[in-house]
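The lines below spell out each chain.
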Amino acid sequence: MLEKDITNQIMRYLKTVPNCFCWKQHGGQFGTAGLPDIILCLNGRFVAFEVKTETGKLTKLQESTIQKIKAAKGEAFKVTSLQEVKETIQNLNS
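The paragraphs below set out a description of the structure included in this document. (Residues numbered from 1 in each chain as written. Predicted model: local features only at pLDDT ≥ 70, side-chain atom pairs only at ≥ 80, totals over all residues. Heavy atoms only, no water.)

Side note on the pairing of strand β4 (residues 75-79)
In step 1: Pairing of strand β3 (residues 45-51) with β4, which is carried by 5 bridges, proceeds in the parallel orientation. Across the sheet, the residue bridging to Glu 50 is Lys 78, located in β4.
In step 2: Crossover handedness for the path β3 to helix α2 (residues 60-71) to β4: right-handed. (Pairing = 2+ DSSP bridges. Helix = DSSP H or I, 4+ residues; strand = E, 2+ residues; numbered from the N terminus. Right-handed = clockwise from strand over helix to strand, strands pointing away.)

Some words on helix α1 (residues 3-14)
In step 1: Taking 1.5 Å per residue, 12 residues should reach 16 Å; α1 reaches 16 Å between its end C-alpha atoms and fits that length.
In step 2: The set of residues buried in α1 consists of Ile 6, Thr 7, Ile 10, Met 11 and Leu 14. Viewed along the axis of α1, the buried residues span an arc of 135°, placing them on a single side of the element.
In step 3: The secondary structure elements touched by the buried residues of α1 are β1 (20-24), β2 (38-42), β3, β4 and α3 (82-93). (Expected span 1.5 Å × (residues − 1). Buried < 20%, exposed > 50% of the residue type's maximum accessible area, 1.4 Å probe, protein only. Arc of directions from axis to C-beta. Contact = heavy atoms within 4.5 Å.)

As for the packing of aromatic side chains
In step 1: As enumerated under the stated definition, the model contains 2 aromatic pairs in all.
In step 2: Between Phe 21 and Trp 23, the ring centres sit 5.6 Å apart and the planes meet at 50°, which makes this aromatic pair tilted.
In step 3: Between the aromatic rings of Phe 49 and Phe 77, the centroid separation amounts to 5.9 Å while the plane-to-plane angle is 35°, which identifies the pairing as tilted. Of this pair, Phe 49 sits in strand β3 while Phe 77 sits in strand β4, and the two are 28 residues apart along the sequence.
In step 4: Since its relative accessible area comes to 0%, Phe 49 is described here as buried. (Phe/Tyr/Trp six-rings, centres within 6.5 Å; stacked < 30°, edge-to-face > 60°.)

Describing the pattern of salt bridges
Between side chains of opposite charge, a pair can form when the charged atoms approach closely.
In step 1: Scanning the entire structure with this criterion turns up 3 salt bridges.
In step 2: A salt bridge links Lys 24 to Asp 37, with the shortest nitrogen-to-oxygen separation between them at 4.0 Å. Of this pair, Lys 24 sits in strand β1 while Asp 37 sits in the loop between β1 and β2; the two residues are 13 residues apart in sequence, bridging distant segments of the chain.
In step 3: Taking the relative accessible area as the measure of exposure, Asp 37 reaches 11% and is therefore buried.
In step 4: We note a salt bridge from Glu 50 to Lys 52, for which the minimum N-O separation is 4.0 Å. (Salt bridge = Lys/Arg side-chain N within 4 Å of Asp/Glu carboxyl O.)

Quick word on the environment of Trp 23
In step 1: When you line up the elements, Trp 23 lands in strand β1.
In step 2: Assessed through its relative accessible area of 36%, Trp 23 is described here as partly exposed.
In step 3: For Trp 23, the residues in contact, after removing those within four places along its chain, are Met 11, Asp 37, Ile 38 and Ile 39.
In step 4: At 3.4 Å, the side chain of Trp 23 and the side chain of Gln 25 are in polar contact. (Polar contact = N/O pair within 3.5 Å; in protein donor to acceptor, adjacent residues only side chain to side chain.)

Next comes the structure, spelled out in structure tokens:
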């Protein structure tokens with residue numbers, strides 16, 4: 001499965017989650033390099049998901065950005081499937 005297919009599955013799911021506002025962070029010349037693919041506010045918490053395929057690796061910039069989000073008391077995760085996102089959200093809500 002391609003990264004964009006995983007991202008689309010995740011976005012469709014997140015739009016059904018109560019108290020969740022989310023968007024897909026688009027790259028390109030006007031985007032900010034290193035930002036995770038999906039950003040959301042879930043029950044007042046900042047959460048970010050960097051989507052990769054099963055074999056995909058984070059770049060150093062992506063790793064650094066995830067650490068900066070965590071240092072700022074936000075939540076940030078590398079995910080490779082919709083199931084991982086569902087489990088993460090369940091853990092955040094418990």
